[in-house]
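# Remarks on the overall topology
Residue-level listing of the chains:
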6 protein chains.
Amino acid sequence: MDGQTGAFPHLDGAGRALMVDVSAKEVTTRTATAAGTVLLSAECVTALRDDTVPKGDALAVARIAGIQGAKKTPDLVPLCHPLPLSGVTVDLDVVDSGVEIVATVRTTGRTGVEMEALTAVSVAALALVDMIKAVDREARITDVRVLAKAGGRSGSWTRDGS
Amino acid sequence: MDGQTGAFPHLDGAGRALMVDVSAKEVTTRTATAAGTVLLSAECVTALRDDTVPKGDALAVARIAGIQGAKKTPDLVPLCHPLPLSGVTVDLDVVDSGVEIVATVRTTGRTGVEMEALTAVSVAALALVDMIKAVDREARITDVRVLAKAGGRSGSWTRDGS
Amino acid sequence: MDGQTGAFPHLDGAGRALMVDVSAKEVTTRTATAAGTVLLSAECVTALRDDTVPKGDALAVARIAGIQGAKKTPDLVPLCHPLPLSGVTVDLDVVDSGVEIVATVRTTGRTGVEMEALTAVSVAALALVDMIKAVDREARITDVRVLAKAGGRSGSWTRDGS
Amino acid sequence: MDGQTGAFPHLDGAGRALMVDVSAKEVTTRTATAAGTVLLSAECVTALRDDTVPKGDALAVARIAGIQGAKKTPDLVPLCHPLPLSGVTVDLDVVDSGVEIVATVRTTGRTGVEMEALTAVSVAALALVDMIKAVDREARITDVRVLAKAGGRSGSWTRDGS
Amino acid sequence: MDGQTGAFPHLDGAGRALMVDVSAKEVTTRTATAAGTVLLSAECVTALRDDTVPKGDALAVARIAGIQGAKKTPDLVPLCHPLPLSGVTVDLDVVDSGVEIVATVRTTGRTGVEMEALTAVSVAALALVDMIKAVDREARITDVRVLAKAGGRSGSWTRDGS
Amino acid sequence: MDGQTGAFPHLDGAGRALMVDVSAKEVTTRTATAAGTVLLSAECVTALRDDTVPKGDALAVARIAGIQGAKKTPDLVPLCHPLPLSGVTVDLDVVDSGVEIVATVRTTGRTGVEMEALTAVSVAALALVDMIKAVDREARITDVRVLAKAGGRSGSWTRDGS
């Protein structure tokens, strides 16, 4: 595991991808929150609100898919470390323009869980699109980003204006 | 599998989720194309262009993750049917505002592959964010949507203005 | 693939496990239905009925887990063939003694889907137990069995008294 | 992760499923034992005993499937935490009425392993049914329950009459 | 899916990896056989032969792992197509120098199963090494190669001197 | 978990496979390095060197597959413990006879990572064979073995002549 020095620890000396060695990092409680939005037609939002699209289930399926998605992060993102997640929440709110998704992931480990939070949001969004795609084939997943993180050497961080 | 009639075939009579029966649908060649963008800082785009972030590898990791993501769709999206994918492409282009991702998925099966194309784009985007997050922690995945589909009973469809 | 003859096609000549060759079997539509029961305390059933245990969600989580479980059958059962499932339903009904689960799985393939139906029931039951185990740690999964199957060379079969 | 208070920690304030935050729980050695029975025809039991159904292999396949099943628990049960399992045993005994299965799982972690033990038993039972289903299509998985657990805040517990 | 022409169909026009489109290829029955050897110490071979290393189980574990490995090929090999495998055999024979492994995989599909056969051999070999590594930490997996394939446009092929 | 005593801890008293209990072992930093070679035709090596086989990508695909393969070890090798890997490197070098692969895996856990290192090498080799099999169908994976390990009760070990 030589050559991991310098500015880009994801690469070894010859520019090749690797899973960065984190064994010297401290085991601490770490959290990350990510968010995103699924933009939907007015008809689809009305259907969600009138419960003529099975609102409960579409949101329930998306929420469960998001929680399971967080656990699959190291399988989906090639250089992510497997981590023992200690908590995951995924919340979905129907708004005029679609559905807003917020996920928070917590671990006690050697590296952060931003990717797990982003994956939870993305997979919840994909599952939601699948549930409503017969009603709105123009759905759009947008603005998936990290809102905040805490724990670890670099301390807490919150996105400006989030 | 009674009660699958009507406007919302993802639900049976009592509003409960199910994997819709597609056994009466025709086996045809079906394709779908989806796209999305990862918005990055000017500094990160410059790094990708100057190859001081290992551009090749970041894009290669994302592309491979996207192809593998397409294959994992039925595992990620609870009500998706498992399908024998016959082809997957994932293309990433560096532009001034970040990286544009386009994925095309093809099958010969009984249902379409829009979800597989969207999943390929989303997973490629997540892998890209993981590769550059030490350079740009404000990366944002946006505008993930289906561009076009072909094959199956409902024929071809192209998003307006795509 | 010699030695697959005789009464026990799961074994080759020397008594060793194999995934039986089904390539000579006909591609037909095949269905299987399985059922099982999770026995619960009267207190837990009351909680499910009074909605003081979040009945909707516990049942929704179990139903989705069961559908996903059907898709994971070839990963769980070593000698099962991977099959392109064309439909899965999982129904849960709260009764006085607990929750009854029925799953129906459909494919168009070369072998039956009894194991997929049994797996859907078992995984739904496990997920249900997980949801209520803080309320009733003595839950018991019982009577998981195939009720009926149809399609394929051996034709339809229904369990006596099912 | 607000709103996790009260009697049902699997739900947040609005009755929605989440993976409970266990990061404040203590890391201790925890074990759980579960059991279940596969009821078989007299003919099938005789075949297992006379070794005319490849007893060794059917039981070996089931045992290995059960051990692997324990590791897949967080993938099967949506709200289960991923845990670093430190030991798994799965024992199968042929009795007059079928096969009795007992599984013990051990971890050093922040939450218990009852679900892992139940999953090991269920998956072993499913694999056994698959092995003998050509001999006995009326096999029945029954009485899958936790026998005992130890470790963690709530201490040891043994099922009455187990 | 433009640019797939020419000598290297795994790459599109700009040298980028893709999952080749096989939808125009014929659905036929295809088989492939691969083999490999695990070289072991004389002490370890003696233990396998004298049954003082639990020969039956070590070989049974490896055989089952190999069958399951064949099913995991599209998950392990990034550009492999998912295929509905119709049969898998894995045979292990103890010889003076170690254990010889031969795997045959069969499908009815649009592309060959050489990778599935090679993966079955490799995973069986890894599982065998795991079983005996306390007895022989110098085990060596060697000579993993395709022996023969049949079916598909290119017809049958057998390795010289295999 | 009785009966785990004696020379073969992978077996309980009756010769049956189990996942050995490691909960009494110490948590330490452990590393393992494994290597292997893919033997290729002179034509294929020339193509890799002349970049007429997309060398970069073939090696990149193999490297990423190897890293992901390390994470899948407990899923592939039935009795392996799931471990929180803290670092993985996979290096591939083109030599006259083919491609040499070396993988190093690191964990902080209760058991070693030899199997993870061997799995990383094997899966990288399989992915490489898949990338070049249109150019050289006689590729051969050979000499996959552990080179060195460190950490844990048994201390460091290096293969003679490695």
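Keep in mind that what you see is a predicted model, and the values were worked out from it rather than measured.

## Focus: the overall build of chain A
When you go through chain A residue by residue, the secondary structure sums to 4 helices and 5 strands. Ordered by position from N to C terminus, the α and β elements of chain A give β-α-α-α-β-β-α-β-β. Burial statistics for chain A: of 162 residues in total, 63% are counted as buried. For chain A, restricting intrachain contacts to residue pairs at least 6 apart in sequence, the fraction spanning at least 24 positions comes to 68%. By element, 46% of the accessible surface of chain A is carried by carbon and sulfur atoms, the whole surface being about 5400 Å².

## As for helix α4 (residues 114–132) of chain F
Relative to the 27 Å expected for 19 residues at 1.5 Å per residue, α4(F) spans 27 Å between its end C-alpha atoms, a close match to the ideal helical length. The element α4(F) is extensively covered by neighbouring structure, given that 19 of its 19 residues are classed as buried.

## What about unusual backbone geometry?
All names here are of chain C. Despite not being glycine, D143 shows a phi value in the positive range, around 65 degrees. Take D143: it is sitting in strand β4 (residues 140–150). Residue class for D143 comes out partly exposed when judged on its relative accessible area of 23%.

## Focus on the environment of G98(C)
All names here are of chain C. Mapping G98 onto the fold places it in strand β3 (residues 98–109). For G98, a relative accessible area of 0% corresponds to the buried category. Spatially, the C-alpha atom of G98 lies 8.0 Å from that of A42, the residues being 56 residues apart in sequence. With residues up to four places along the chain from it excluded, the contact list for G98 reads V38, L40, V45 and D93.

## Quick word on the relation of the copies chain D and chain E
Laying chain D over chain E is done by rotating through 180 degrees and shifting 0.0 Å along the axis; what remains is an RMSD of 0.0 Å. In symmetry terms, the pair is related by a two-fold rotation axis. Looking at the rotation axis and the C-alpha trace of chain D, the residue lying nearest is A60(D), at 3.6 Å. In this assembly the copies share their binding face: 100% of the residues contributing to the interface of chain D also contribute to that of chain E.

## Some details on the interface of chain A and chain B
Many authors give the size of an interface as the accessible area that is lost as the parts come together. Contacts between the two partners involve 43 residues from chain A and, on the opposite side, 43 residues from chain B. Taking both sides of the interface into account, the surface hidden between chain A and chain B amounts to around 4200 Å²; carbon and sulfur atoms contribute 62%. Summed over the shared surface of chain A and chain B, the number is 6 salt bridges. Here D75(B) makes a salt bridge to K72(A), at a shortest N to O gap of 3.3 Å. Our count for the contact surface shared by chain A and chain B stands at 14 residue pairs in polar contact (both at pLDDT 80 or more). At the level of elements, α2 (55–71), α3 (73–76), α4 (114–132) and β4 (140–150) of chain A are the ones that each hand at least two residues to the side of chain A that touches chain B. Classifying every residue of the side of chain A that touches chain B gives 24 nonpolar, 6 polar and 13 charged. Alignment of β4(A) against strand β4 (residues 140–150) of chain B, held across 2 bridges, turns out to be antiparallel. Each residue of the ladder has a partner; that of V144(A), found in β4(B), is I141(B).

## Looking at the interface of chain D and chain E
Every contact between the two is made by 7 residues of chain D and, on the other side, 7 residues of chain E. Summing both sides of the interface, chain D and chain E together bury roughly 450 Å²; the carbon and sulfur share of this comes to 55%. Summed over the three residues of chain D that lose the most area to chain E, namely D57(D), I64(D) and Q68(D), the buried surface amounts to 61% of that side. Between chain D and chain E we count 0 salt bridges in total. At the boundary of chain D and chain E, one finds 1 residue pair in polar contact (both at pLDDT 80 or more). By residue class, the composition of the side of chain D that touches chain E is 3 nonpolar, 1 polar and 3 charged.

## A word on the packing of α4(A) against helix α3 (residues 114–132) of chain B
The relative placement of two packed helices comes down to the angle between their axes together with the axis-to-axis distance. Relative orientation of the contacting elements α4(A) and α3(B) amounts to 170 degrees, with a least axis distance of 11 Å. The angle between α4(A) and α3(B) places the two elements in the roughly antiparallel class. For the pair α4(A) and α3(B), the crossing hand works out as right-handed. Between α4(A) and α3(B), the contacting residues are M115(A), L118(A), T119(A), S122(A), L126(A), V129(A) and D130(A) on the first element and M115(B), L118(B), T119(B), S122(B), L126(B), V129(B) and D130(B) on the second. A breakdown of the residues in the contact of α4(A) with α3(B) according to their chemical character gives 8 nonpolar, 4 polar and 2 charged.

## Concerning the UniProt feature "binding site: substrate" (unreviewed entry) in chain A
Residue and element names in this part refer to chain A. Following the UniProt record, one finds the feature "binding site: substrate" (unreviewed entry) at L79, C80, H81, M115 and E116. In sequence the annotated residues extend across 38 residues, while in space they remain close, none of their C-alpha pairs exceeding 12.5 Å. Note on placement: M115 falls in helix α4. For M115, a relative accessible area of 2% puts it in the buried group.

## So, the relation of the copies chain A and chain B
Two chain copies, one operation linking them: a rotation about an axis together with a shift along it. Expressed as a screw operation, the relation of chain A to chain B combines 0.0 Å of axial shift with a rotation of 180 degrees, fitting to an RMSD of 0.0 Å. By residue overlap, the copies meet face to face through one surface: 100% of the interface positions of chain A are interface positions in chain B.

## Thoughts on the pairing of strand β2 (residues 85–95) of chain E
The side chains of a regular strand alternate between both faces of the sheet. Residue and element names in this part refer to chain E. Burial runs high along β2: 8 of the 11 residues are buried. For β2 and strand β3 (residues 98–109), the ladder comprises 10 bridges, and the chain directions are antiparallel. Each residue of the ladder has a partner; that of V88, found in β3, is V105. Taking the residues that link successive antiparallel strands as the turn, the β2-β3 hairpin has 2 residues.

## A closer look at the pattern of salt bridges
Scanning all chains against the criterion turns up 48 salt bridges over all chains. A salt bridge links R145(F) to D143(F); its shortest N-O distance comes to 3.6 Å. When its relative accessible area of 15% is taken as the criterion, R145(F) is described as buried. Taken together, the shared-partner salt bridges in this structure form one network comprising K72(A), D75(B), K72(C) and D75(D).

## Section: the side chain of K72(D)
Relative to the assigned elements, K72(D) resides in the loop between α2 (55–71) and α3 (73–76). Here K72(D) falls in the buried class, since its relative accessible area comes to 8%. Beyond its immediate sequence surroundings of up to four residues, K72(D) is in contact with D75(C), L76(C), K72(E) and D75(F).

## Notes on the environment of W157(C)
Here W157(C) is to be found in strand β5 (residues 157–158). Taking the C-alpha atoms as reference, W157(C) lies 8.4 Å from L147(C); in sequence the two are 10 residues apart. Here W157(C) is in contact with V146(C), L147(C), A148(C), K149(C), R137(D) and E138(D), once residues within four sequence places are set aside.

Procedures and definitions
- Counting restarts for each chain: residues are numbered from 1 in the order of the written sequence.
- The naming scheme follows written order: chains are lettered A onward, ligands numbered 1 onward.
- Local features are withheld for residues below a pLDDT of 70 in this predicted model, meaning they are given only at 70 or higher, and side-chain atom pairs are given and counted only at 80 or more; totals for whole chains, interfaces and linings count all residues.
- Only hydrogens and water are set aside; all other atoms, that is, all heavy atoms of the structure, feed into the side-chain values.
- Helix numbers and strand numbers start at the N terminus; a helix is a DSSP run of H or I with at least 4 residues, a strand a run of E with at least 2.
- Think of it in three bands: residues with accessible area under 20% of the maximum for their type are buried, residues over 50% are exposed, and the middle band is partly exposed, with areas taken using a 1.4 Å probe on protein chains only.
- In what follows, residue pairs with any heavy atoms lying within 4.5 Å of each other are defined as contacts.
- Only the protein chains shown count as covering a residue, and every accessible area follows the Shrake-Rupley method with a 1.4 Å probe.
- Multiply 1.5 Å by the residue count of a helix minus one, and that product is the helix's expected span.
- All copies are superposed by least squares; the fitting set is the C-alpha atoms of residues with a pLDDT of at least 70 in both.
- We define buried area as the total accessible area lost by two parts upon association, computed with a 1.4 Å probe and summed across both.
- Salt bridge, as used here: a side-chain nitrogen of Lys or Arg that lies within 4 Å of a carboxyl oxygen of Asp or Glu.
- Pairs of N or O atoms within 3.5 Å make up the polar contacts considered here, provided that, within protein, one atom can donate a hydrogen while the other can accept it, and that residues adjacent in sequence are counted only when both atoms are side-chain atoms.
- Classification convention: Asp, Glu, Lys, Arg as charged; Ala, Val, Leu, Ile, Met, Phe, Trp, Tyr, Cys, Pro as nonpolar; all other residues, Gly among them, as polar.
- Strand pairing is assigned whenever DSSP identifies at least 2 bridges connecting the two strands.
- To define axes, lines are fitted to C-alpha atoms, for helices over the stretch in contact only, and angles between the resulting N-to-C directions are given on a 0 to 180 degree scale.
- Angular relationships are summarised with four words: roughly parallel below 35 degrees, roughly antiparallel beyond 145, roughly perpendicular across 65 to 115, and oblique for the angles in between.
- Rotating anticlockwise by less than a right angle from the far helix to the near helix defines a left-handed crossing, while the corresponding clockwise rotation defines a right-handed one.
- UniProt positions are given in the numbering used here, feature names are shortened, and annotations may be inferred rather than shown by experiment.

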